[in-house]
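So the chains spell out like this:
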Amino acid sequence: MNDAEKIIIIAEAGVNHNASMEMARRMVVEAARAGADYVKFQTAVPELVISSIAPKAEYQKETTGEAESQLEMCKAIHLPLSAYPELAALCREEGIGFMSTPFDLVSIDSLASLDMDYWKIPSGEITNLPYLRKIAKTGGKVILSTGMSTIDEVATAVDILETGGINRKDIILLHCTTQYPTPYSDVNLKAMDSLRRLNTGGVGYSDHTLGIEVPVAAAALGAKVIEKHFTLDKNLPGPDHRASLDPAELAEMVKAVRHIEKALGSGVKAVADSERPNIEVARKSIVASRTIVKGEMFTEENITVKRPGNGISPMQWDSVIGQVAKKNFAYDSLIEL
């Protein structure tokens, strides 16, 4: 399998570091150890993203309470912009790709110098025209999450990116349901088929369900990218920890996706190398059903079909019937012509 066919696995650290650089560094190490291709953070200047009157989402209220505002919550869990060059350098040392999602225009400028392979656009910015135009001006590759969106909104965002300078084939669309955790009944993995019709560079899946089954299923359905939140400890305070994988679970997900990746294969129906030796064992040949003497004609009364499969194929049955035995055949012996 070449790199172009490999499923890209993104370990979404997000803000699960709780503004601790020590935790962020540990998350880079754990993501690399789990075998992910990228570890992804979230970069923002909270005051530029969230107004003072913006309410929390219900899941945020459940996980962090209602005493503080959404802005106060985010200010407490975001790292400063100055932290990301160090994290990018650590990723290079650990052999894992660095990504971070910008949530505002200043953060885009801050991340632009870090030479990321992809810009990751979050679901909440898919209707943010100034933001999309600024990303488009970079000319880089884009992974666009599509939570909370209709297909028409996705198509419009793709057109804006393309018009602004992004090659359409350099855009990967991630199906996503923006709820933490996402109920299985709301996952709708088949929506990836709708996204494929937009003729971009491929589709993938950003997962917010509990467990690893759904992202593994997405891989089986042809996702080019799998993104999943992880945390060092699900019991830590913060909005996203409970709906995230711990490091051991992340490693299991990566392992399972890699197994599915191998299992998908080429799509050509052919004999696999591993099963080839079993052809002789499992298939059948034409054999004598009783003693046959030289000169006797082969009939349905004196030949039958049994294993092993290293003789005349039963597909040649009609050609054998009516021919004359050139020698004696014992019971169960392979028929030869």
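Here, the structure is the one placed above.
Along each chain, residue indices are assigned from 1 in the same order as the chain's sequence is written. Where local features are concerned, this predicted model is filtered to residues with pLDDT of at least 70; where side-chain atom pairs are given and counted, the filter is 80 or more; whole-chain, interface and lining totals use all residues. Think of the side-chain values as coming from all heavy atoms in the structure, minus any hydrogens and water.

Visitor: Hey, could you run me through the nonpolar core in this one?
Guide: Note on soluble globular proteins: their nonpolar side chains tend to be buried together. One finds V39, F41, L87, F98, V142, L161 and F230 to be the most contacted residues of the largest nonpolar core, which totals 64 residues. Here the element with the most residues in this core is helix α1 (residues 21–34); it accounts for seven residues. Sequence-distant contacts of V142, defined by excluding residues within four places in its chain, comprise Y118, W119, I121, I135, L161, I166, D170, I171 and I172. Buried residues of nine kinds, namely Ala, Val, Leu, Ile, Met, Phe, Trp, Tyr and Cys, make up a nonpolar core once their side-chain atoms join them within 4.5 Å. Partly exposed residues are those whose accessible area sits between 20% and 50% of the maximum for their type, while under 20% is buried and over 50% is exposed, using a 1.4 Å probe and protein chains only. Grouped together as the second largest cluster of nonpolar side chains are 11 residues, I286, A288, A325 and I335 included. We count a stretch as a helix when DSSP gives it H or I for four or more residues in a row; a strand needs E for two or more, and each element gets its number in order from the N terminus. Residue contacts are counted whenever heavy atoms from the two residues lie within 4.5 Å of one another.

Visitor: Got a minute to help me understand the side chain of S244 in this structure?
Guide: In this fold, S244 is placed in the loop between β8 (225–229) and α11 (247–264). The class for S244 is buried, based on a relative accessible area of 2%. At 3.1 Å, the side chain of S244 forms a polar contact with the side chain of N16. Beyond its immediate stretch of four places on either side in the chain, S244 contacts N16, H229, F230, T231, K234 and E249. Any N or O atom pair separated by 3.5 Å or less is treated as a polar contact, with the protein-specific requirement of one donor-capable and one acceptor-capable atom, and with residues adjacent in sequence counted only for side-chain atom pairs.

Visitor: How do you make sense of a nonpolar patch on the surface when you look at a structure like this?
Guide: A patch is a set of surface residues, each over 30% in relative accessible area and not in a salt bridge, joined within 9 Å for like charges and within 5 Å for the nonpolar side chains Val, Leu, Ile, Met, Phe, Trp and Tyr. Computed by Shrake-Rupley with a 1.4 Å probe, the accessible areas treat only the displayed protein chains as cover when residues are assessed. Criterion for a salt bridge: a side-chain nitrogen of Lys or Arg within 4 Å of a carboxyl oxygen of Asp or Glu. Taken together, L48, V49 and V106 make up a surface patch of nonpolar side chains, about 220 Å² in accessible area. Topologically, L48 is positioned in helix α2 (residues 46–49).

Visitor: Hey, could you run me through helix α5 (residues 84–94) in this one?
Guide: Since the α-helix turns once every 3.6 residues, residues separated by three or four places project in the same direction. Turning to α5, its buried residues number three or more, namely Y84, L87, A88, L90 and C91. Seen end-on, α5 carries its buried residues on one side only, within an arc spanning 160 degrees. In α5, the exposed positions angled more than 90 degrees off the buried face are occupied by R92 and E93. Buried positions along α5 lie against α1, β2 (38–43), β3 (97–102) and α6 (105–111). Among the residues trailing α5, G95 stands out with phi positive, at a value near 75 degrees. This arc is built from the directions going out from the helix axis to the C-beta atoms.

Visitor: Just checking my understanding: could you explain the packing of aromatic side chains for this structure?
Guide: Any aromatic ring pair is given by two values, namely how distant the centres are and how the planes are angled relative to each other. Ring pairs are drawn from Phe, Tyr and Trp, using the six-membered ring of Trp, whenever the two centres fall within 6.5 Å, and their geometry is named by plane angle: stacked under 30 degrees, edge-to-face over 60, tilted for the rest. Counted according to the given criterion, the structure contains four aromatic pairs. Geometrically, the ring pair formed by Y59 and Y180 is tilted, given 4.5 Å between the ring centres and 35 degrees between the ring planes. Highlighted residues: Y59 in helix α3 (residues 58–64) and Y180 in the loop between β6 (171–176) and α9 (191–196), separated in sequence by 121 residues. Each member of the pair Y59 and Y180 is classed as buried.

Visitor: Help me out: how do you make sense of the pattern of salt bridges in this one?
Guide: Once their charged atoms are close, side chains differing in charge can pair, the charge on each being opposite to the other. Applying the stated criterion to the full structure yields 19 salt bridges. D37 serves as the salt-bridge partner of K6, at 3.0 Å between the closest nitrogen and oxygen. With K6 in the segment before β1 (8–14) and D37 in the loop between α1 and β2, this residue pair connects regions lying 31 residues apart in the sequence. The class of K6 is partly exposed, set by a relative accessible area of 33%. Note that K56 and E68 form a salt bridge whose closest N and O atoms lie 3.4 Å from each other. Here E68 lies in the loop between α3 and α4 (70–77) and K56 lies in the loop between α2 and α3, a separation of 12 residues in the sequence.

Visitor: Can you help me understand the environment of G201 in this one?
Guide: Here G201 shows up in the loop between α9 and β7 (203–207). In sequence terms G201 and I53 are 148 residues apart; their C-alpha atoms lie 38 Å from each other. Once residues within four sequence positions are removed from consideration, G201 is found in contact with R168, K169, I171, I172 and K224.

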